[in-house]
Amino acid sequence: VQLQASGGGLVQAGGSLRLSCATTGRIFSNYVMGWFRQAPGKEREFVAAMQWSGRSTSYADSVKGRFTISRDNAKNPVVLQMSSLKPEDTAVYYCAAREGIINYYSRRPEGYAFWGQGTQVTVSS
């Protein structure tokens, strides 16, 4: 499985961005797709995850109500819609994939076997 994230950019606080994660290779219904982010000098942190089937999702408390993870069955199957962006959302965002279900390991970077390259999101105040 290969993943490629895109859609990052510079946006003002309060604005919106839509990140996409394109995949190549087989993704099965028992896969979990996740988004993580890493700010300079900080550890990579969980943002959101969804079961490939779309039946289950999980969000970090810091983004709940502002970010939505979903599937787009066209070219870019996993989308992270970000709204009401804050300067503290500034980071490199990564998409990732793992076999399994939404659980504790869905929120941990070490739980994921496949990673895409990051896309920079910068939110100005």
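Structure: see above.
Worth saying up front: this structure is predicted, and the values here are computed from it rather than measured.

The next subject is the pairing of strand 4 (residues 31-38). Taken across its eight residues, strand 4 has seven buried, putting it largely inside the fold. The pairing of strand 4 with strand 9 (residues 91-99) spans eight bridges and is classified as antiparallel. Paired with tryptophan 35 across the strands is cysteine 95, a residue of strand 9. Here strand 4 runs beside strand 5 (residues 45-51); their pairing, made up of six bridges, is antiparallel. If you follow phenylalanine 36 over to strand 5, its bridge partner there is phenylalanine 46. Taking the residues between adjacent antiparallel strands as the criterion, strand 4 and strand 5 are bridged by six residues, where glycine 41 takes a positive phi near 75°.

Before going further, it helps to spend a moment on the packing of aromatic side chains. Scanning the model with the defined rule gives seven aromatic pairs in all. Each ring, one from phenylalanine 36 and one from phenylalanine 46, has its centre 5.8 Å from the other, and the planes form 75°; the classification is edge-to-face. Highlighted residues: phenylalanine 36 in strand 4 and phenylalanine 46 in strand 5, separated in sequence by ten residues. For the residue pair phenylalanine 36 and phenylalanine 46, the accessibility class agrees, reading buried in each case. Seen from their ring centres, phenylalanine 36 and tryptophan 115 are 5.2 Å apart, and the 55° between their planes marks the pair as tilted. On the criterion of sequence distance, the pair formed by phenylalanine 36 in strand 4 and tryptophan 115 in strand 10 (residues 114-115) is long-range, its members being 79 residues apart. For phenylalanine 36, a relative accessible area of 0% gives the class buried.

One open sheet holds the four strands; their spatial order is 1-3-8-7, and the pairing between them is antiparallel. Each of the sheet's edge strands pairs with one partner strand only, and the pair in question is strand 1 (2-6) and strand 7 (67-71). Adjacent strand axes in the sheet meet at a mean angle of 15°, parallel and antiparallel pairs treated alike. Direction of pairing for strand 7 relative to strand 8 (residues 78-82): antiparallel, over a ladder of five bridges.

Cut-offs used in this document
- Residues numbered from 1 in each chain as written.
- Predicted model: local features only at pLDDT ≥ 70, side-chain atom pairs only at ≥ 80, totals over all residues.
- Heavy atoms only, no water.
- Buried < 20%, exposed > 50% of the residue type's maximum accessible area, 1.4 Å probe, protein only.
- Helix = DSSP H or I, 4+ residues; strand = E, 2+ residues; numbered from the N terminus.
- Pairing = 2+ DSSP bridges.
- Phe/Tyr/Trp six-rings, centres within 6.5 Å; stacked < 30°, edge-to-face > 60°.
- Axes fitted to C-alpha atoms, helices over the stretch in contact; angles between N-to-C directions.

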